[in-house]
Amino acid sequence: MVNVGPFPSVRSSGHVVGRVHHTLCQIKSWGPAAAQKLHNLGCSLDPYQANQVLKQLQDYTVAFGFFYWLKHQPGFRHDNYTYTTMIGILGRAKQFGTINSLLEEMIMDGCEPNVVTYNRLIHSFGLANYIDKAIETFYHMQNVGIRPDRVTYCTLIDMHAKAGFLEVAMDMYRTMQKVGLTPDTFTYS
C-alpha cells in the first residue's frame, strides 16, 4: 500500500475510493494541478482501491493520468487487475496504440496478461469493428499459452453474428463446444 500524501491513511477502503473518485471527477484534464489535488488528499491506496477508482472513471485521459500518477508513487505497484482495467478503459476509447504500449509495459513490470486481459482486448476490438484484430488476438493468446474461456468465445460469436458473419459465428460455437465449454443464455441470444 502506498501512502499518498503527508496525512495518516484513512481506514475505510470505500471512503478512500470515494474521496479519490470524487476528486478525479472534478478534474477536466490531467496535469500537475490534478496530481497536486490527489497528493493533498493524503490517502493511502493499494492496487485493489486503485482498480475500484479506475472502474468508475468515464474520461480515459483522467484515468490514464491517474494510472501513471499512481505508478510513480513510492511503494505503489500496479497488478494484473489495474493493468487490465486500464486496457479496458483505453479500449472503449479506441486508443489501440496506447494499449499496445501499455501491454508491453505490463509485461516488463512482471504482470503477465491473463485470459481476462485478452478478453478485454477482444471485446475492445469488437466494439471498434476490428474483427480481424479480435481474431488475431484470439490466436495470439493461445500461442502464448492462454486458454480461451466461455467469455472469449461468446464475445467472438456475438461480434461475428452482429457483423453478419453467421457461418464464422457458428464455427466458433462448434469450436467452443469441442473444447468442452458449454454455451450459456448469452450465447443463444
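Residues numbered from 1 in each chain as written. Predicted model: local features only at pLDDT ≥ 70, side-chain atom pairs only at ≥ 80, totals over all residues. Heavy atoms only, no water.

1. Describing the overall build of the protein chain
Thought 1: Each helix and strand in the protein chain was counted, giving eleven helices and two strands.
Thought 2: Going from N to C terminus, the protein chain has its helices and strands arranged as β-α-α-β-α-α-α-α-α-α-α-α-α.
Thought 3: With respect to the three principal axes, the spread of C-alpha positions in the protein chain is 60 × 30 × 30 Å.
Thought 4: Residue pairs in contact within the protein chain that sit at least 24 positions apart in sequence constitute 62% of those at least 6 positions apart.
Thought 5: For the protein chain, the computed accessible surface area is about 10,200 Å², with 55% contributed by carbon and sulfur atoms.
Thought 6: Across the protein chain, the centroid of the 16 positively charged side chains sits 8 Å from that of the 14 negatively charged ones. (Helix = DSSP H or I, 4+ residues; strand = E, 2+ residues; numbered from the N terminus. Contact = heavy atoms within 4.5 Å. Areas by Shrake-Rupley, 256 points an atom, 1.4 Å probe, with all protein chains shown as cover. Lys, Arg positive; Asp, Glu negative; His and termini not counted. Charge placed at Lys NZ, Arg CZ, Asp CG, Glu CD.)

2. Remarks on the packing of helix H4 (residues 60-71) against helix H5 (residues 80-92)
Thought 1: Running from N to C, H4 and H5 point in directions that differ by 155°, and their axes come no closer than 10 Å. When the axis of H4 is compared with that of H5, the two are roughly antiparallel. The handedness of the crossing between H4 and H5 comes out as left-handed. Contact residues: Tyr60, Ala63, Phe64, Phe67 and Lys71 in H4; Thr82, Tyr83, Met86, Ile89 and Leu90 in H5.
Thought 2: Split by residue class, the contact of H4 with H5 holds eight nonpolar, one polar and one charged. (Axes fitted to C-alpha atoms, helices over the stretch in contact; angles between N-to-C directions. Parallel < 35°, antiparallel > 145°, perpendicular 65-115°, else oblique. Left-handed = near helix turned anticlockwise from the far one by under 90°. Nonpolar A, V, L, I, M, F, W, Y, C, P; charged D, E, K, R; others polar.)

3. Overview of the environment of Glu105
Thought 1: Following the sequence through the fold, Glu105 ends up in helix H6 (residues 96-108).
Thought 2: It is 19 Å that separates the C-alpha atoms of Glu105 and Tyr48, two residues lying 57 residues apart in sequence.
Thought 3: In terms of polar contacts, Glu105 uses its side chain to reach the side chain of Tyr68, at 2.5 Å. (Polar contact = N/O pair within 3.5 Å; in protein donor to acceptor, adjacent residues only side chain to side chain.)

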